[in-house]
Amino acid sequence: MFAKLRRPRPAATAPVRPQPPAAPRRPEPSVADGETLARADRLRAALREAGLDLERLGPEPLWLADVRAGRPVPLGPDERTELVAYTGIVSTASLASDEACAEVQRQIETIPVLREMRDEGMTIHSCGEPMSASSLRAVQEAVRKTAREHEEKQSAAAATD
């Protein structure tokens, strides 16, 4: 009668939660051509405008001279590594299309705004999509306005005392 109670039972397992689908991986360019070079130059210009010292990045790869001369160069692992170091980006996928390049460029444009906000004591914690430079400027101005109004109220209260 108690035999069923004495049998070992399988351990209870937690329900399996489905994993969210992985973000689609951007394709990386297989060849460096004039368009790839133009995108790399745009990103380097954006980094320069953001205040990054480009001398701290990797040197210009020698094979870029061929690309500048109009001859496409196949991108193997070594060439990708050199191109990433030269442009200061995370992967060459940012150079695969104008859309990908523009997205990285928008992110770079936020660097000076975030730096300025940090210097003023503001810290932004963004959830989800990264904020644009113009959105950050709007937040910065709203915080400044609120701080001014608070100071004015403090001054008015101190003057009436």
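You'll find the structure just up there.
Keep in mind it's a predicted model, so treat the numbers as computed, not measured.

Running from amino to carboxyl end, helix H2 (residues 34-49) crosses helix H4 (residues 77-87) at an angle of 35°, the nearest separation of the two axes being 9 Å. Taking contact as the criterion, the partners of Thr36, Ala40, Asp41, Arg44 and Leu47 in H2 are, on H4, Leu83, Tyr86 and Thr87. In terms of residue class, the contact of H2 with H4 is built from four nonpolar, two polar and two charged.

Listing the buried residues of H4 in full gives Leu83, Val84, Tyr86 and Thr87. Down the axis of H4, the buried side of the element spans an arc of 165°, and every buried residue falls inside it. Pointing more than 90 degrees away from the buried face of H4 are the exposed residues Pro77, Asp78 and Thr81. Considering only its buried residues, H4 is in contact with H2 and helix H3 (64-68). Where H4 terminates, the next one or two residues include Gly88, which has phi positive at roughly 75°.

This part takes up the pattern of salt bridges. A complete count under the given rule lists twelve salt bridges for this structure. Salt-bridge contacts for Asp98 lead to Arg39; the nearest nitrogen and oxygen are separated by 3.0 Å. In this pair, Asp98 is assigned in helix H5 (residues 98-119) and Arg39 in helix H2, connecting sequence segments 59 residues apart. The exposure class assigned to Asp98 is partly exposed, which follows from its relative accessible area of 43%.

This part covers the packing of aromatic side chains. On inspection of all chains with the given rule, the structure shows zero aromatic pairs. Cation over ring: Arg44 sits above Tyr86, and NZ or CZ is 4.0 Å from the ring centre.

What tends to happen in soluble globular proteins is that the nonpolar side chains get buried as a cluster. Counting residues in each nonpolar core, the largest one holds 21 residues, and the members touching the most others are Leu43, Trp63, Leu64, Val67, Leu83, Leu95 and Ile108. For this core, the secondary structure elements donating two or more residues are H2, H3, H4 and H5. With five residues, H2 is the largest single contributor of residues to this core. Sequence-distant contacts of Ile108, defined by excluding residues within four places in its chain, comprise Leu43, Ala46, Leu47 and Ala50. In terms of nonpolar packing, the next biggest core, distinct from the first, is built from five residues, Val113, Met117, Ala133 and Leu136 among them.

This next bit is on H2. Here H2 spans 22 Å end to end across 16 residues, near enough to the 22 Å set by a 1.5 Å rise per residue. Within the sequence span of H2, burial applies to Thr36, Leu37, Arg39, Ala40, Leu43, Arg44, Ala46 and Leu47. Turning to H2, the residues buried within the fold contact strand E1 (31-32), H3, H4 and H5. The distance from a side-chain oxygen at the start of H2 to the backbone nitrogen of Glu35 is 3.2 Å, and the residue carrying that oxygen is Asp33. Where H2 terminates, the next one or two residues include Gly51, which has phi positive at roughly 95°.

This part is about the packing of H5 against helix H6 (residues 133-160). Interaxial distance between H5 and H6 falls to 9 Å at its minimum, and their mutual angle equals 15°. It follows that H5 is roughly parallel to H6 by the angle criterion. In this structure, H5 crosses over H6, and the sense of that crossing is left-handed. Along its contact with H5, which presents Glu109, Thr110, Val113, Leu114, Glu116 and Met117, the element H6 presents Ala133, Leu136, Arg137, Val139, Gln140 and Arg144.

When you line up the elements, Gly70 lands in the loop between H3 and strand E2 (73-74). Relative accessible area serves as the criterion here: at 59%, Gly70 is assigned to the exposed category. Sequence spacing of Gly70 and Asp33 is 37 residues, and the spatial spacing of their C-alpha atoms is 7.2 Å.

What counts, and where the lines are drawn
- Residues numbered from 1 in each chain as written.
- Predicted model: local features only at pLDDT ≥ 70, side-chain atom pairs only at ≥ 80, totals over all residues.
- Heavy atoms only, no water.
- Axes fitted to C-alpha atoms, helices over the stretch in contact; angles between N-to-C directions.
- Helix = DSSP H or I, 4+ residues; strand = E, 2+ residues; numbered from the N terminus.
- Contact = heavy atoms within 4.5 Å.
- Nonpolar A, V, L, I, M, F, W, Y, C, P; charged D, E, K, R; others polar.
- Buried < 20%, exposed > 50% of the residue type's maximum accessible area, 1.4 Å probe, protein only.
- Arc of directions from axis to C-beta.
- Salt bridge = Lys/Arg side-chain N within 4 Å of Asp/Glu carboxyl O.
- Phe/Tyr/Trp six-rings, centres within 6.5 Å; stacked < 30°, edge-to-face > 60°.
- Lys NZ or Arg CZ within 6 Å of the ring centre and 35° of its normal.
- Core = buried A, V, L, I, M, F, W, Y, C linked by side-chain atoms within 4.5 Å.
- Expected span 1.5 Å × (residues − 1).
- Polar contact = N/O pair within 3.5 Å; in protein donor to acceptor, adjacent residues only side chain to side chain.
- Parallel < 35°, antiparallel > 145°, perpendicular 65-115°, else oblique.
- Left-handed = near helix turned anticlockwise from the far one by under 90°.

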